[in-house]
Amino acid sequence: AKMFTQVYGDNGKMKEYHYTGPVEHRFSPYSFNGGTVLAVAGEDFAIVASDTRLSEGYSIHSRDSPKCYKLTNTTVIGCSGFHGDCLTLTKIIDARLKMYKHSNNKSMTSGAIAAMLSTILYGRRFFPYYVYNIIGGLDEEGKGAVYSFDPVGSYQRDTYKAGGSASAMLQPLLDNQIGFKNMEGVQHLPLNQEKAVQLVKDVFISAAERDVYTGDALRICIVTKEGIKEETVPLRKD
Amino acid sequence: MALFDVSGYKSHSELRGQIIGTGVGHFIDRPNQQFSVPVGVDPSGFLKSCSREGGVSIDLNHGTTTLAFTFRHGVIVAVDSRASAGSYIASKEANKVIEINPYLLGTMSGSAADCQYWERLLAKECRLYKLRNKQRISVSAASKLLCNMMLGYRGMGLSMGSMIVGWDNKGPGLYYVDDNATRLSGRMFSTGCGSSYAYGVIDSGYREDMTVEEAYELGRRGITHATHRDAYSGGVVNLYHMQEDGWIKVCKEDVSELIHRYRKGMF
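Residues numbered from 1 in each chain as written. Chains lettered and ligands numbered in written order. Predicted model: local features only at pLDDT ≥ 70, side-chain atom pairs only at ≥ 80, totals over all residues. Heavy atoms only, no water.

- Named according to an unreviewed UniProt entry, chain B is Proteasome subunit beta originating from Oncorhynchus tshawytscha.
- Note on chain B: under the UniProt heading Subunit (unreviewed entry), the record states "Component of the proteasome complex." (UniProt positions renumbered as here; feature names shortened; annotations may be inferred.)

- An unreviewed UniProt entry lists chain A under the name Proteasome subunit beta, from Oncorhynchus tshawytscha.
- Per UniProt, chain A has the following entry under Function (unreviewed entry): "Component of the proteasome, a multicatalytic proteinase complex which is characterized by its ability to cleave peptides with Arg, Phe, Tyr, Leu, and Glu adjacent to the leaving group at neutral or slightly basic pH. The proteasome has an ATP-dependent proteolytic activity."

See below:
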C-alpha cells in the first residue's frame, strides 16, 4: 500500500493538506507493472517490440520479462499494463486459437485475431482487463498490419502504434519519423526493414532515457513471410 | 476446466442446438457472451475508483462531435475522427461511422468500445433480419433494436450516443439513440461533447431546400467549428450522404485546413 498522500488534486491545483481521520483502503484488483510496446507495419513485414522490465511502484521485479507473445507464424501480440491480466489474456487467446485451428483446420489470420480479441476484451466491459494490446502481423495479402486496442476492446488498424507507459512520448516521434507528419519539404521515402529496425531501437533508447518504467533490454520480433525472427538489444538498467 | 469456461468457447452441442433450433422462436439472438461483473461493487463507479491507486489509470477511448440532418435530397452525416483516452489522443483517424449495409449507417460518440461493440452487434441483427424476412430492415426497427440493447444494460455505465441513418420504404430516416435507451426521430441531431458548437452552426445555416453542395458545406462547417472549440474533437471530417439508392462517402478533410479556409473569409 502506498504511504504518501496525493498532493495534487484532479484539476492540477495543490490540495489543501489536513488530517481527515482514518481512511479506508480498499483492496484494488489492479496494479501497474509498467513496460512499453511498439508495433510498425511495413510493405511486407511487421515489427513488434517491447522492453523487458517488470516493475511495481518503486521496485523492479524482473529485468527479463518481455511483453511480446507469439500467437501464430504470422502474428505477434504485445501486452503491457497489469502483468497478471497480460498472462491470463494471452492464455485465453492461445486457447481460442487452438480451438479455431481444430474446428476450422486453418490458423487464424491477423484480422480475425484482432476482431476476436475485441470481443474477448469487451466481455469484461464492467471489470476490464487492465492491458494495452497491440497486434502486429501480416494480413492475407502478405502486407504488414498493426491493430491497436484500448482496455475494453475498441480497436482499429494502424501503420504504427506505441502503447504502455512511454506511449505518449513515443507516438509523436513515430508520427514524425514514419508518418512524416509535422514537418514540411521532406521526401516521403518508403520504410524498409533495416531502417525500421534501427528506428525502433533508437526510439526505445529515447524512451528508456525519460521513462522510469522502461529499460533493461529491448526484445524485437520481426514478422515476415519466412517466419518470426527475435532480436534482443540491451537498454539502460537504471 | 476453468480456462475452457472463461475463454467463451461454445461447445459443439450448443452450436448444434442453435442451428437445428430448440423450438422457441427468438427475434433477437442473445449475444454469445455473458459479461463479467466485479463482485459487490456498483459497476458504473468501479473503474473510476480503481484509477490512480498505485499508478493504475485505466483510460478508455472517448469524446467526439457527430452531426446529421435531413433535407430535400436525403440525409447528411458528418463526424470528426479523434479518440481520446483521458488527456492523451489515442487516435487521430478513428472511424466513427459504421456502414451497416448500403442503406444504413450508424454514428458513434461516447465510449469507443461500447459503440463499436453494440453497433457491430446491430449490424449482425440487421443481416439476420434480412435473411429471415427477405427484405431489408427499416430504419425505425434497426434503431429500436439498438435502443433495446441499451435498455438491458441501463445504469451500468455504458456511454453511447448514436444516430441511425437510412433510407427505407418510408423515405429518409434519422433516429437518435443513446445509452439511456432514449430513441428520438427527428430532422437534425448532433451528439458528443462538441455538439453544442455544431448545433449553433447548423441551426443558423439550415434550410430545407438547400442544394446538395450547400448541405455538404454546412455539415463540414458544423464539425470544423466544433473541433476548433472543443478539446476532445479533432482530426478529419468524414462526410457521408444518404441518398435514395444508398449512401455515398463524400469526403475526408483535415479540420486544420478547413478552419484556415473559413478564417480567411472572416478577418
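### Some words on the environment of Tyr132(A)
Right, on to step 1. Tracing the chain through its elements places Tyr132(A) in strand E7 (residues 131–138).
Right, on to step 2. Every residue in contact with Tyr132(A), bar those within four places of it in the chain, is listed here: Gly78(A), Cys79(A), Ser80(A), Pro151(A), Gly164(A), Ser57(B), Ile58(B) and Asp59(B). (Helix = DSSP H or I, 4+ residues; strand = E, 2+ residues; numbered from the N terminus. Contact = heavy atoms within 4.5 Å.)

### Things to note about the UniProt feature "active site" (unreviewed entry) in chain B
Residue and element names in this part refer to chain B.
Right, on to step 1. Under the local residue numbering, the UniProt record ascribes the feature "active site" (unreviewed entry) to Thr64.
Right, on to step 2. Note on placement: Thr64 falls in the loop between strand E1 (61–62) and strand E2 (65–71).
Right, on to step 3. Residue classification places Thr64 among the buried residues on the basis of a relative accessible area of 2%.
Right, on to step 4. Setting aside chain neighbours within four positions, we find Thr64 in contact with Asp80, Lys96, Met108, Ser109, Gly110, Thr191, Gly192, Cys193, Gly194, Asp230, Tyr232 and Ser233.
Right, on to step 5. There is a polar contact of 3.5 Å between the side chain of Thr64 and the side chain of Lys96. (Buried < 20%, exposed > 50% of the residue type's maximum accessible area, 1.4 Å probe, protein only. Polar contact = N/O pair within 3.5 Å; in protein donor to acceptor, adjacent residues only side chain to side chain.)

### Quick look at the sheet that holds strand E2 (residues 46–51) of chain A
Residues and elements named next belong to chain A.
Right, on to step 1. Pairing is antiparallel in the open sheet, where 5 strands are placed in the order E10-E1-E2-E11-E12. Taken across any chain shown, the strands that pair with only one partner, and hence form the sheet edges, are strand E10 (160–164) and strand E12 (227–234). Within the sheet, the average angular offset between the axes of one strand and its neighbour, ignoring direction, is 15°.
Right, on to step 2. Looking at chain direction, strand E1 (residues 36–41) and E2 are connected through 5 bridges and run antiparallel. Residue pairing across strands places Val40 opposite Ile47, the latter belonging to E2.
Right, on to step 3. Sitting on the sheet, helix H4 (residues 193–210) is in contact with E1, E2, strand E11 (217–224) and E12, with an inclination near 155° to E11. (Pairing = 2+ DSSP bridges. Axes fitted to C-alpha atoms, helices over the stretch in contact; angles between N-to-C directions.)

### Remarks on the environment of Ala207(A)
All names here are of chain A.
Right, on to step 1. As for its position among the elements, Ala207 is in helix H4.
Right, on to step 2. Taking C-alpha positions, Ala207 is 25 Å from Thr90, a pair spaced 117 residues apart along the chain.
Right, on to step 3. Once residues lying within four places of it in the same chain are set aside, the contact partners of Ala207 are Ala166, Leu170 and Thr214.

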